[in-house]
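Structural features, examined
Below are the chains, spelled out letter by letter.
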Amino acid sequence: MATNFTFTGEFSLEELLDFKTIPELKELAFDLGVRFKGSPKKQGIVKTMAKIMLEDPKLVVKNMFYYELKACLDVIEGRMTLDYAEKSGLLFELNRFGLIYSTEQKSTGHCDLRFCKELTDDFSKLVPAEVERREKNGALLAEKVAIGCANLYGYTDMYYISKLIPDMDKRLDCTLSDDTLTELFYPVLRAMRYSIPKKDRPFLSPFSVFNGFEIDEYHIDIHVEPKIFDFDTIVCYGEMPYPKIKGKAVEKMREAFKKYGKSDETSEDALRDLWIDKQDETKNLHVPDINRFFQFHDISQIQDCMDAVMDFLNSIPYWRLRGNSSEEIGKKELENMHRGGQKPKISIGPNMRAMGIESFEQLQEMARNGQDFPSFPEQTFALSKKVGRNDPCPCGSGKKYKHCCGR
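Quick caveat: nothing in here was measured; it's all calculated off a predicted structure.

1. So, the pattern of salt bridges
Enumeration according to the criterion identifies 21 salt bridges in this entry. For Glu132, the salt bridge goes to Lys136, with nearest N and O atoms at 3.0 Å. Of the two residues, Glu132 and Lys136 are both situated in helix H8 (residues 120–137); the distance of four residues between them amounts to about one turn of the helix. Judged by relative accessible area, which is 66%, Lys136 ranks as exposed. Note that Arg254 and Glu268 form a salt bridge whose closest N and O atoms lie 3.0 Å from each other.

Here it is, written out as structure tokens:
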């Protein structure tokens, strides 16, 4: 991620680009279709990129996504705060092109976002025109389709996007030609390195990049059938910077937020951030830190809220499961198990038998009758001799020791 910096005064584009690392500058060059021969030094890359961007600001605008253009316009017109840009993830996108910086106002102590002085006038004219053009010609819909697929599955490519072209034709009430589709999906194709030989790559969800983790085929469970979403759901998930996540569990979360939410957070912030945490393998292994969004006064409120949070996390599309939710996969596995006549097998070992339990059916009967679970006798069970590899396993599974606990 580009460095977030706060200064006073104004900065030129070359000065702003100089804050980027060499990998970030090369990434920007790729995005704008610029290639360098050999291994140029950083200062040479900075000067070349600044020259290209200043001479042809339309090139920068053309390669931006719609939501990035809107964010730039908000910065230029003073409607974008640093706090909102950081929370929404837009700060990363704004920094991607090296066009903005933050300044501290000495009178108030607050930080404001400023736009590169040399491109302010050009962008003030170009961006509104480009926003209007994309809203009219279908490019905005194309962007939502691509981002929606990526947000539901973690990443996507033109094969999956192409399946949605008939729905786009219906929505736009026309038949889109190949040339028109190339124009409409231009920023997406650039992000995929589509026009650069041997550089093709999937289109990643912007949220994985915002949060410093990526998703690819190695993180996906290939044994799971991808979930098929209707066109409207895909478009809703393509809204940025807040995907429109829907469902009963979502409404339950909104109710919990109304009761226990912090005053400086919105329900959309909480929903999106919890959704992102679900997708990140490093965070998904732990119970979410709900104190980020909620404030409680007693344990009953925490329990009430946790029910809503867990229902939400179990019901939303999960990248690792190819758009399926954890709940949906759990139900499918149970259905497959029952369809095949397979039932869970619980082995009764010597410790259970010592408590007078001889079978799983006996445990079920005790539960139905409300019987207390028998206490463990004050006796330790030790092996009187060394277990041979071909002896029955002492755990009571019925298998040979070498095929059970002796492995």
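2. A look at the packing of helix H2 (residues 22–31) against helix H3 (residues 42–55)
In the contact formed by H2 and H3, the axes pass within 10 Å of each other and the chain directions differ by 30°. Judged by the sense of rotation from one axis to the other, the crossing of H2 with H3 is left-handed. Here Ile22, Leu25, Lys26, Leu28 and Ala29 of H2 lie close against H3, whose contacting residues are Lys42, Ile45, Val46, Met49 and Met53.

3. Let's talk about the nonpolar core
Ranked by internal contacts, the top residues of the largest apolar core, which has 99 residues, are Leu99, Phe185, Phe294 and Phe312. Sorting elements by how many residues they give to this core places helix H9 (residues 139–153) first, with eleven residues. Residue contacts for Phe294: discarding those within four places in its chain leaves Met253, Ala256, Phe257, Tyr260, Gly261, Lys262, Cys305 and Val309.

4. Observations concerning the environment of Asn95
Inspection of the secondary structure puts Asn95 in helix H7 (residues 90–96). Each C-alpha atom, one on Asn95 and one on Leu16, is 9.2 Å from the other, the two residues being 79 residues apart in sequence.

5. Description of H3
Helix length check: H3, at 14 residues, gives a terminal C-alpha distance of 20 Å against a target of 20 Å (1.5 Å per residue), a fit within 8%. Where H3 is buried, its residues meet helix H1 (13–17), H2 and helix H4 (57–62).

6. Observations regarding the packing of aromatic side chains
Each pair of aromatic rings is reported with the distance of its centres and the angle of its planes. Counted according to the given criterion, the structure contains 14 aromatic pairs. With 5.9 Å between their ring centres and 45° between their planes, Phe65 and Phe203 make a pair best called tilted. Of the two residues, Phe65 sits in the loop between H4 and helix H5 (66–76) while Phe203 sits in strand S5 (residues 203–204), which places them 138 residues apart along the sequence. Since its relative accessible area comes to 7%, Phe65 is described here as buried. Seen in terms of ring centroids, Tyr260 and Phe296 are 5.7 Å apart; in terms of plane orientation they differ by 50°. Their pairing is tilted. Residue Tyr260 is found in helix H16 (residues 248–260), and its partner Phe296 is found in the loop between helix H18 (281–284) and helix H19 (299–315); the two are separated by 36 residues along the sequence. This pair shows no difference in class: Tyr260 is buried, exactly as Phe296 is. Through pairs of rings, three or more aromatic residues link up here, namely Phe257, Tyr260, Phe293, Phe294 and Phe296. Directly above the ring of Tyr186 sits Lys62, whose terminal nitrogen or CZ lies 4.3 Å from the centroid. Of note, Lys278 hangs over the ring of Tyr318, and the distance from its end group to the ring centre comes to 4.7 Å.

What counts and how
Residues numbered from 1 in each chain as written. Predicted model: local features only at pLDDT ≥ 70, side-chain atom pairs only at ≥ 80, totals over all residues. Heavy atoms only, no water. Salt bridge = Lys/Arg side-chain N within 4 Å of Asp/Glu carboxyl O. Helix = DSSP H or I, 4+ residues; strand = E, 2+ residues; numbered from the N terminus. Buried < 20%, exposed > 50% of the residue type's maximum accessible area, 1.4 Å probe, protein only. Axes fitted to C-alpha atoms, helices over the stretch in contact; angles between N-to-C directions. Left-handed = near helix turned anticlockwise from the far one by under 90°. Contact = heavy atoms within 4.5 Å. Core = buried A, V, L, I, M, F, W, Y, C linked by side-chain atoms within 4.5 Å. Expected span 1.5 Å × (residues − 1). Phe/Tyr/Trp six-rings, centres within 6.5 Å; stacked < 30°, edge-to-face > 60°. Lys NZ or Arg CZ within 6 Å of the ring centre and 35° of its normal.

Spatial relationships are all this shows, so hold off on functional conclusions.
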